[in-house]
Amino acid sequence: MPRPGLLIEELPIWAHLNGVKFTGVKVANTEGRGYGVISENTLTTDEDTVTLGTPTFIAVPHNLVLNAAAVDEYAKEDKNFKQLLEAAEHRSSRADILLFLLVQTALASRVNHPSHSSIGVSNPWTEYLQLLPGTLFVPTLWHEDERLLLRGTSLEAAVSAKVSALVAEFDAIQQISSDIPCWNEVLWESGSVSLRDWILLDALYRSRCLELPRSGESMVPCIDMVNHSASPTAYYDENSKDEVVLLPRPGAGLLAGDEITISYGDTKSGAEMLFSYGFIDPTSAAESLTLVLEPFPDDPLARAKLVAFGGAPKLHVARDGSSVVWKSPFAYLMCINEEDGLDFRVLQDTEGGQQLRVFWQDDDVTDRADGFEALIQSHPLSALFQLRVVTIIQERLEVQLGRAQSHQVAKQDPGLGDVRDECLKAAELLRQVEMGVLESGIESLEEERSSLLADKNVVAYLGLMEPAASDLVEEEASNEVEDFS
């Protein structure tokens with residue numbers, strides 16, 4: 001069923017009815033940026049201004065703020081929703097909020113189903129959802145051909161995994177709610193919601209959620225219309241009335257007609273910005289990327305290492321000017337073995353259960369399995385272990401760079417399919433940023449590798465290994481059948 005929608009021109013009416021105050025600003029369409037907040041007045045503030053004499057652009061009452069606590073309050077008003085929420089088992093704040101939004105989406109469509117009017121309690125968010133855009137450029141909403149543009153970038157695997165997770169979440173919600181007759185009727189028999197609605201609501205949550213000083217992660221209507229800038233003119237806060245307010249930044253200067261902006265963060269990578277917001281701001285995005293690091297396929301301890309590590313094995317690489325920094329706690333565990341002093345033991349606990357324990361040089365380091373970078377420092381062969389790590393990190397970056405280079409595309413490429421320009425431009429910008437980081441990272445790691453190869457302990461160790469390798473070759477040669485021809 002088509003998602004119901006309202007024109008943005010109807011926002012002032014919704015705001016007035018729900019106690020949202022606009023002072024000298026309005027929400028309107030902006031050039032190439034969707035909705036935005038526009039100043040209607042000229043404003044100048046000093047750097048030392050403490051906002052006492054400055055206006056509050058937008059003030060949103062606390063009862064409109066959507067977070068996990070607000071969902072719980074709503075459940076007290078609607079016993080049917082409470083039953084659904086409890087059936088879903090409160091898996092996370094995000095899951096509770098998305099379930100609430102899914103129900104509001106269904107309730108918004110009930111104008112086409114008068115028989116459902118007795119089910120569900122309407123909320124200001126029921127109508128506000130209809131004011132939000134039905135199309136976002138976050139990659140989870142890209143169609144299949146567009147997601148192929150991400151091949152060779154760090155988002156390739158991340159987006160695929162996220163879409164799979166969203167499908168699994170939606171299937172679980174459908175199964176749970178189908179067992180509750182009233183919600184089976186409202187959600188599924190009527191066709192009020194679909195998988196795309198769930199993916200869209202997740203995208204709206206990720207792109208519009210704010211971290212409030214007191215209320216934590218929350219969606220705030222109207223303030224979520226403010227766009228990002230690397231040079232923001234405003235910021236959000238919570239005041240003494242528990243309102244969420246949009247305030248001018250000290251030193252900000254605005255002319256009538258200027259767009260008011262906030263910062264979405266200056267430490268997010270291009271991949272993070274594209275994943276969450278559907279765009280990349282090259283002037284504020286951090287030059288970094290995160291990659292999955294796979295254990296060695298022939299490592300007999302690979303599974304035990306993954307279990308002991310307890311988290312996703314990742315590699316983070318960042319470039320800041322001419323400096324490159326990388327971090328991968330799992331790589332250190334990945335590159336040591338039994339002959340180095342690593343040991344895994346399955347021990348029985350006091351309750352009769354079994355636990356996997358990690359030992360390094362006969363010390364139990366189970367609780368420090370993600371800290372082997374520090375644990376190896378006192379070992380005589382620490383430089384050798386570091387060399388192994390640097391080598392596999394460099395190889396991982398080289399593989400990623402090769403993939404990124406091989407999947408570069410252009411709009412005129414045959415067989416590209418029907419892709420939107422916004423998706424193509426965003427994917428190629430991400431690719432270029434990440435290729436620059438990868439190239440710098442490989443160069444930096446090569447220098448680090450050369451330095452480690454010159455370490456006296458590494459030289460001595462490799463020197464000892466060469467005769468052993470030569471003896472092995474001679475032994476193999478002596479076992480060959482002589483050719484008397």
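Rules used throughout
Residues numbered from 1 in each chain as written. Predicted model: local features only at pLDDT ≥ 70, side-chain atom pairs only at ≥ 80, totals over all residues. Heavy atoms only, no water. Phe/Tyr/Trp six-rings, centres within 6.5 Å; stacked < 30°, edge-to-face > 60°. Lys NZ or Arg CZ within 6 Å of the ring centre and 35° of its normal. Pairing = 2+ DSSP bridges. Helix = DSSP H or I, 4+ residues; strand = E, 2+ residues; numbered from the N terminus. Axes fitted to C-alpha atoms, helices over the stretch in contact; angles between N-to-C directions. Domains from an automatic or database assignment. Contact = heavy atoms within 4.5 Å. Buried area = accessible area lost by both parts, 1.4 Å probe. Salt bridge = Lys/Arg side-chain N within 4 Å of Asp/Glu carboxyl O. Polar contact = N/O pair within 3.5 Å; in protein donor to acceptor, adjacent residues only side chain to side chain. Buried < 20%, exposed > 50% of the residue type's maximum accessible area, 1.4 Å probe, protein only. Patch = residues over 30% accessible without salt bridge, like charges linked within 9 Å, V, L, I, M, F, W, Y side chains within 5 Å. Areas by Shrake-Rupley, 256 points an atom, 1.4 Å probe, with all protein chains shown as cover. Lys, Arg positive; Asp, Glu negative; His and termini not counted. Charge placed at Lys NZ, Arg CZ, Asp CG, Glu CD.

The name an unreviewed UniProt entry gives the chain is SET domain-containing protein, with Lasiosphaeria hispida as the organism.

Engineer: Quick question: what am I supposed to make of the packing of aromatic side chains here?
Structural biologist: Both the distance between ring centres and the angle between the ring planes are used here to describe each pair of aromatic rings. This structure, assessed with the given rule, holds 13 aromatic pairs. One aromatic cluster in this structure is built from Trp 14, Trp 125 and Tyr 128. Lying over the aromatic face of Phe 275, Arg 206 brings its terminal NZ or CZ to 4.4 Å of the ring centre. Over the ring of Phe 359 we find Arg 345; its NZ or CZ atom is 3.8 Å from the centre of that ring.

Engineer: When you look at the sheet that holds strand S14 (residues 314–320) in this model, what are you seeing that I'm missing?
Structural biologist: Hydrogen bonding along the main chain pairs the strands of a sheet, whether they run parallel or antiparallel. Reading across the sheet, the 3 strands line up as S13-S14-S15 and stay open at both edges, with antiparallel pairing between neighbours. Bordering the open sheet on either side are strand S13 (287–292) and strand S15 (323–327), each of which pairs with just one other strand. Sheet twist, expressed as the mean angle between neighbouring strand axes with direction ignored, is 15°. Strand direction decides the pairing type here: S13 and S14, joined by 6 bridges, are antiparallel.

Engineer: Hey, could you run me through the domain arrangement of the chain in this one?
Structural biologist: A common measure of how large an interface is: the accessible area buried when the components associate. Under the domain assignment used here, the chain contains domain 1 (8–262) and domain 2 (288–483). When each unit is reduced to the centre of its C-alpha atoms, the spacing between domain 1 and domain 2 is 40 Å. Contacts between domain 1 and domain 2 engage 15 residues on the former and 21 residues on the latter. When domain 1 packs against domain 2, the two sides together hide about 1,500 Å² of surface, and 58% of this comes from carbon and sulfur. By the criterion of area lost to domain 2, the three top residues of domain 1 are Phe 137, Leu 149 and Ser 154, representing 37% of everything that side buries. Applying the counting rule to domain 1 against domain 2 returns 2 salt bridges. With a shortest N-O distance of 2.8 Å, Arg 420 and Glu 146 are connected by a salt bridge. Where domain 1 meets domain 2, there are 7 residue pairs in polar contact (both at pLDDT 80 or more). At the level of secondary structure, the elements contributing two or more residues to the side of domain 1 that touches domain 2 comprise helix H6 (144–147) and helix H7 (155–178).

Engineer: How should I be thinking about the pattern of salt bridges in this particular structure?
Structural biologist: Pairing between side chains of opposite charge can happen when the charged atoms of each approach one another. All chains considered together, the criterion is met by 18 salt bridges. Ionic pairing is found between Arg 357 and Asp 364, a salt bridge with its closest N-O pair at 3.1 Å. The buried category is assigned to Arg 357, whose relative accessible area is 19%. Among the residues examined, Asp 364 registers a relative accessible area of 34% and is labelled partly exposed. Residues participating in the shared-partner salt-bridge network are Arg 94, Lys 162, Glu 169, Asp 202 and Arg 206.

Engineer: So what exactly am I meant to see when it comes to the side chain of Ser 154 here?
Structural biologist: As for its position among the elements, Ser 154 is in the loop between H6 and H7. For Ser 154, a relative accessible area of 12% gives the class buried. Looking at Ser 154, its side chain comes within polar contact range of the side chain of Glu 434, at 2.5 Å. In contact with Ser 154, other than residues within four places in its own chain, are Ala 271, Leu 289, Thr 290, Leu 291, Gln 400 and Glu 434.

Engineer: I tried to follow the sheet that holds strand S5 (residues 58–60) on my own but got confused; where do I start?
Structural biologist: Taken together, the 4 strands give an open sheet; going across it, the order is S1-S5-S10-S9, and neighbouring strands pair in antiparallel fashion. On the outer flanks of this sheet lie strand S1 (21–22) and strand S9 (234–238), each paired with one strand and no other. Across 5 bridges, the pairing between S9 and strand S10 (residues 244–248) is antiparallel. In the strand pairing of S10, Tyr 236 is matched with Leu 246.

Engineer: Explain a negative patch on the surface here, please?
Structural biologist: On the surface, Glu 395, Glu 398, Glu 443, Glu 446 and Glu 447 cluster together into a negatively charged patch. Those elements giving two or more residues to the negative patch turn out to be helix H14 (382–406) and helix H15 (421–453). Structurally, Glu 447 can be placed in helix H15.

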